[in-house]
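Chain residues, written in single-letter form:
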Amino acid sequence: MLRLPSFTYLQPRTLHEALAMKTDAGPDGMYVAGGTDLYPNMKRRHQEPRTVISLMGIPELAQIGMRNAQCGIGPCVTLTTVSGHPTIRDDYAAVAHAAGLVSTPLLRNMGTLGGNLCLDTRCNYYNQTYEWRQAIDFCMKKDGHICWVAPSSPRCWAVSSSDVAPVMVALGADYVLVGPGGERVVPAARFYHNDGINYLTKQPDEVLWEVRLPRPDGWDAVYHKLRRRDSFDFPVLGVAAWVRWEGGRGTRDEGRVAEARIVLGGVASWPQEVPEAGAALVGTDLSDEGVAAAADAAYRPAKPMDNTDFDLSWRKQMTRVYVSRALAELRRRRLPPAR
Amino acid sequence: MKRTITLTVNGAPRSVEVEPRALLALVLRDQLDLTGTHIGCDTSQCGACTVHIDGRAVKSCTMLAVQAEGHAVTTIEGLAAKDRLHPLQQAFWDKHGLQCGFCTPGMIMTAADLLAHNPKPSEAEIRHALEGNLCRCTGYQNIVAAVQLAAGAR
């Protein structure tokens, strides 16, 4: 049986208290929400905080609210709640769908939105027990010096494996961070780094305070996920597709795409936007030709490494297929069913 | 450093002295003698350790006991009313929903959460709800049949 190491557990009731506790704990302190990723990781000594600061006792972090027609979700809202919340299901269906695809129902009852957005990057050479990693002399992400996926690489190639993060980047959501120095608002796209070790721009002492979703005004988005089993597994490929229609969503005129974003999960150390794919869709009505051009554009920069499930080249090929399917779904949803 | 936490377990208030790193599954089994909660994989895969926290099914091997402080925990021992089996327990008996029985407490706790929130689930909804619980004996068919039977009995 894998044992957790010893640590001190703190339960702040306010954000102010949490920030002070983190300051006192220093680099050995770490925030936790649901713990569904952190605690198994601590058993394998991926993270070794001496002080664990739970954010779950801070009421404001577990709220969903509307302000200026924008939906704000607290990071400690569970993934079950995100996937079942009426406003999120109606106006942000891609967010609800992606949250509902994470792991299993039991972990979604405990795991949180913030936890999934800040999920540690993953790699076959990293997500192993301490003894397994010791046997290969560790890797640069933890305890070692080399990247076993690309041994001459100066950087770590662990994979962004969040389902919800690509959707947030595609939607253009904003993350509100609060740290000892005050509050700052960061677009989701700028919250992530393409580096397996330093994969977040969030500072360790900052708390993700709120996720602000854009107004539902004339855009639509979908998320498609590739994995071996239809449960449990992290994405080996995620495709978030977002379009803004000329004339608005659900209108019956022959509208065209005014703006589009395609964001890939599972192919890099961050949710990877492919601007060329979005650009290929502008001005089209998501015709077969437009979809094919976008899928082709998304295929080219997708650079999966041989460090997750499935064959490497097949995963890259699937980028084209999954982008096409995502865009086909958006096209189908273009018109509301006739009444 | 150990601390004393108070929580409600199967309706009764309990106090227990735990280290922060003590997993809820271990505290239930070793300190509260509730060994119906099984530990299979220890890494949040198998679901044998499923219990309810405030009515929602979670994996107690991936949860610290201190996280349950002030909350209501229900284990498989808390389902039956004295000498009468819970409808799900009876249905697993009637439909042969178990063979070795190791996964059964977790299966039943997950199914109880499902039926509490969705009293008349479709077969697909049952299978979806049970996705986080692994069984290596039954092939799941009779487990699904048992949950359908229990849903019909309500």
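Residues numbered from 1 in each chain as written. Chains lettered and ligands numbered in written order. Predicted model: local features only at pLDDT ≥ 70, side-chain atom pairs only at ≥ 80, totals over all residues. Heavy atoms only, no water.

Undergrad: I'm lost on the overall build of chain A in this one. Help?
TA: Helix and strand counts for chain A stand at 12 helices and 12 strands. Taken over the C-alpha trace, chain A has a radius of gyration of 20 Å; the compact-globule value for 339 residues is 20 Å, and the two agree within 12%. Looking at chain A as a whole, 57% of its 339 residues qualify as buried. In chain A, the proportion of contacts linking residues at least 24 apart, taken out of those at least 6 apart, comes to 64%. Here chain A has roughly 14200 Å² of accessible surface; of this, 50% comes from carbon and sulfur atoms. Taken as two groups, the 40 positive and 37 negative side-chain charges of chain A have centres that lie 3 Å from each other. (Helix = DSSP H or I, 4+ residues; strand = E, 2+ residues; numbered from the N terminus. Rg over C-alpha atoms; globule rule 2.2 N^0.38 Å. Buried < 20%, exposed > 50% of the residue type's maximum accessible area, 1.4 Å probe, protein only. Contact = heavy atoms within 4.5 Å. Areas by Shrake-Rupley, 256 points an atom, 1.4 Å probe, with all protein chains shown as cover. Lys, Arg positive; Asp, Glu negative; His and termini not counted. Charge placed at Lys NZ, Arg CZ, Asp CG, Glu CD.)

Undergrad: Quick question: what am I supposed to make of the domain arrangement of chain B here?
TA: One frequently used descriptor of interface size is the decrease in accessible area upon assembly of the parts. All names here are of chain B. Considered domain by domain, chain B is made up of domain 1 (3-78) and domain 2 (87-153). Spacing between the C-alpha centres of domain 1 and domain 2 amounts to 21 Å. Contact residues are listed per partner, giving 17 residues for domain 1 and 14 residues for domain 2. Interface area lost by domain 1 to domain 2 is led by His38, His52 and Ile76, which between them contribute 38%. A salt bridge links Arg56 to Asp113; its shortest N-O distance comes to 3.3 Å. Counting across the domain 1 and domain 2 interface gives eight residue pairs in polar contact (both at pLDDT 80 or more). Broken down by secondary-structure element, the contributors of at least two residues to the side of domain 1 that touches domain 2 are strand E3 (50-53) and strand E4 (56-59). Looking at which element gives the most residues to the side of domain 1 that touches domain 2, the answer is E4, with three residues. Looking at the side of domain 1 that touches domain 2, its residues break down into five nonpolar, 10 polar and two charged. (Domains from an automatic or database assignment. Buried area = accessible area lost by both parts, 1.4 Å probe. Salt bridge = Lys/Arg side-chain N within 4 Å of Asp/Glu carboxyl O. Polar contact = N/O pair within 3.5 Å; in protein donor to acceptor, adjacent residues only side chain to side chain. Nonpolar A, V, L, I, M, F, W, Y, C, P; charged D, E, K, R; others polar.)

Undergrad: When you look at the sheet that holds strand E5 (residues 72-74) of chain B in this model, what are you seeing that I'm missing?
TA: Strand pairing in a sheet takes place through backbone hydrogen bonds and is either antiparallel or parallel in direction. All names here are of chain B. A sheet is described by the order of its strands in space; here five strands give the open sequence E2-E1-E5-E3-E4, paired in mixed fashion. Every other strand in the sheet has two partners, leaving strand E2 (12-18) and E4 as the edge strands with one partner each. When the angles between neighbouring strand axes are averaged without regard to direction, this sheet yields 40 degrees. Direction of pairing for E3 relative to E5: antiparallel, over a ladder of two bridges. Residue pairing for E5: Ile53 is matched across the bridge by Val73. (Pairing = 2+ DSSP bridges. Axes fitted to C-alpha atoms, helices over the stretch in contact; angles between N-to-C directions.)

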